[in-house]
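# Topology and contacts: notes
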Amino acid sequence: MVLLTDKTEKRLTMQTGEIAPDTTTIRSLDWDRDRFDIEFGLQNGTTYNSFLIRGEKTALVDTSHEKFRQLYLDTLTGQINPAEIDYLIISHTEPDHSGLVKDVLQLAPQVTVVGSKVAIQFLEDLVHQPFERRIVKNGDQLDLGNGHVLEFVNAPNLHWPDTIFTYDAGTQVMFTCDAFGLHYCSDSTFDEDLRTIEPDYRFYYDCLMAPNARSVLSALKRMDQLGEVTMVANGHGPLLRHNVTELVGRYRKWSQAQAKAETSVVVFYVSDYGYSDRMSQAVARGITKTGVGVEMIDLKTADPQEVQEMVGRAAGIAIGMPPVSSKIATAAVGTVLAAAKSKQVIGIFESYGGDDEPIDPLLNQFRNLGLKEGFPAIRVKDTPTEATYQLCEEAGTDMGQLLTRDRDIKQRKALDSDLDKALGRISGGLYIITATKGDIKGAMLASWVSQASFQPLGLTIAVAKDRAIESLMHVGDRFVLNVLEEGNYQALMKHFLKRFLPGADRFAGVKTQTAENGSPILTDALAYMECHVVSRMELTDHWIVYATVDNGRVSKPDALTAVHHRKVGNYY
């Protein structure tokens, strides 16, 4: 069943269907959500998935985003009389899943709200009205009757501190909210087309789950103690039914790799304050791109002993400023200060919540302890935009690169000298890749570029995982490949080899024109090609990006492409 809104508005539709015995999904499909409506790029919209489980008693698992208020409530009441709902299970309280909890409570005041202790605390601040509640912890069960025995799995930090999973032993369905999800909107309820959804599934993991890899592994360990999982009923995107083993296995593989990182940073934030959670995710993503591990912890729910242990084993600390009014969060910052060590690096960013603790007094305290800044303090003067999140990601990358500098130098020296020199004899041209996405522009000097196909015309580019432009070169993105001219490339090469501060304009002082795909064309380039990313292949330290060529032009037909000759093969 599909319900449509006025076509002059952004397309918001509803979809319902039985996914297992006595189990119905209510999916809110957001087809046109802007790719920069949140901190990580959306290319294919998103969904908000809610579920009804009917035994002798009935449970509603999660609600939807408030933008779907009337559509969702009409659909819900079309499925069931709200007076017949016995339980409302809150997987976690982020507004895109709990935005309509207050509305549901008004329709069904008799329901018992089920959630973790932290979720119930957050919900009290969200709905501002009394409600029946049942706090659950790992291993607790709720018997709905008719074989539907629900068991709860503690899954903190996936990706909020209040998260729980719910396993229905009767249907072998695991309800996981954000985990194992993806931002992908289509009419397909399930994951039939693995190849199509793979890029969005991985990107979603990298943005939200990779910074919490240890928490992912802990949740998977708890899941292993339950019965077989034949379906993952996630909170975003298609439900996992056809590829459960494969896609859950990827979470395990990716998280094990992240958890093995020799160096780590602990990122502190406040999940329900300002833009702290989104900005912290962007910082964390930038850090993980460098191969540095990340642990994230909410200042308002953190145990002091846990804070001390995390800070004690971390090489770096990043803090999103908490509200002045939160004594618990400010006390946790004091615990961080007490545990910090002089050899660590520190990065601080504002949360733009209207009540931020001031940055400078705290930063000076860390400086006095001997900590070095991993990135300049991020001060937010207006509502965060895509440029703000890119600034945070680049700041995180700078911190990670600072922490891995000595390791990288050591690895360079470790390569066999003869092999090193032989590999260095592989030459390539010199190019500048330029890209635009929303308000963000990026550029990178490249030499690992090669034509890869005739039909269609296509090329490949190797992009290091810790390059800022990597975030602008995902499937569906567009960029320009600018070809540098032999004998006339030094100025452009020198400019783009500079180390730019996070958020800095890469094109200041450079002559550019705008390509049809919106990316900058370097006026002094020998030639340019407008390209469209079709696929990516992951290697240990690079992404191989395959793109088709849509348009191009040569400014000097008789000139030659600049060539990059190396002497060693273990760095550029």
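In case you missed it, the structure is sitting above this.
Parameters and conventions
- Think of each chain on its own: its residues are numbered from 1, step by step along the sequence as written.
- Local features in this predicted model are restricted to residues of pLDDT 70 or higher, and side-chain atom pairs are both shown and tallied only at a pLDDT of 80 or more, whereas totals for entire chains, interfaces and linings draw on every residue.
- Water and hydrogen atoms were dropped before computing side-chain values, which therefore reflect all heavy atoms in the structure.
- Only DSSP runs of H or I reaching four residues or more are called helices, and only runs of E reaching two or more are called strands; each is numbered from the N terminus.
- Only the C-alpha atoms count toward the radius of gyration. The rule for a globule is 2.2 Å times the residue count to the power 0.38.
- We call a residue buried when its accessible area falls under 20% of the maximum for its residue type, exposed when it is over 50%, and partly exposed in between, using a 1.4 Å probe and counting protein chains only.
- In this description, contact between two residues means that some pair of their heavy atoms is separated by no more than 4.5 Å.
- We count Lys and Arg on the positive side and Asp and Glu on the negative side, and we leave His and both chain ends out.
- In plain terms, the charge of a residue is placed at NZ if it is Lys, CZ if Arg, CG if Asp and CD if Glu.
- Multiplying one less than the number of residues by 1.5 Å gives the expected span of a helix.
- DSSP bridges decide pairing: two strands pair if at least two such bridges lie between them.
- Axis lines are fitted through C-alpha atoms, for helices just across the contact stretch, and the angle between N-to-C directions can take any value from 0 to 180 degrees.
- Every case where a carboxyl oxygen of Asp or Glu lies within 4 Å of a side-chain nitrogen of Lys or Arg is listed as a salt bridge.

### Brief notes about the overall build of the chain
Each helix and strand counted, the chain has 14 helices and 29 strands in total. Taken over C-alpha atoms, the radius of gyration comes to 25 Å for the chain, in line with the 25 Å a tight globule of 572 residues would show. Taking the principal axes of its C-alpha atoms as reference, the chain extends roughly 80 × 60 × 45 Å. Counting across all 572 residues of the chain, residues that qualify as buried make up 57%. Restricting the contact set of the chain to residue pairs at least 6 apart, pairs at least 24 apart contribute 70%. Taking the 59 positively charged and 75 negatively charged side chains of the chain as two groups, their mean positions are separated by 8 Å.

### Comments concerning helix α5 (residues 194-209)
Residue pairs spaced three or four apart in an α-helix point in one direction, given the helix's 3.6 residues per turn. Compared with an ideal rise of 1.5 Å per residue, which puts 16 residues at 22 Å, α5 spans 20 Å between its outermost C-alpha atoms and falls more than 12% short. Of all the residues in α5, the buried ones are Leu194, Ile197, Asp200, Tyr201, Arg202, Phe203, Tyr204, Tyr205, Asp206, Cys207, Leu208 and Met209. At its buried positions, α5 is contacted by α6 (213-224), α7 (244-259), α8 (276-288), β27 (527-538) and β28 (542-554).

### Describing the sheet that holds strand β24 (residues 478-483)
A sheet is described by the order of its strands in space; here 7 strands give the open sequence β21-β20-β24-β27-β28-β23-β22, paired in antiparallel fashion. Strand pairing shows two members of the sheet lacking a second neighbour, β21 (440-446) and β22 (449-453), which therefore form its edges. Taking the axes of each pair of neighbouring strands and ignoring which way they run, one obtains an average angle of 35° across the sheet. As judged from the 6 bridges shared by β24 and β27, these two strands associate in the antiparallel manner.

### Focus: the pattern of salt bridges
By the definition in use, this model includes 26 salt bridges. Notably, a salt bridge pairs Arg11 with Asp32, separated by 3.9 Å at the nearest N-O pair. You can see Arg11 sitting in the loop between β1 (2-4) and β2 (12-20) and its partner Asp32 sitting in the loop between β3 (23-30) and β4 (46-54), a full 21 residues away along the chain. With a relative accessible area of 40%, Arg11 lands in the partly exposed category. With relative accessibility at 31%, the residue Asp32 sits in the partly exposed group. In this structure, Lys300 engages Asp272 in a salt bridge whose closest nitrogen and oxygen atoms are separated by 3.4 Å.

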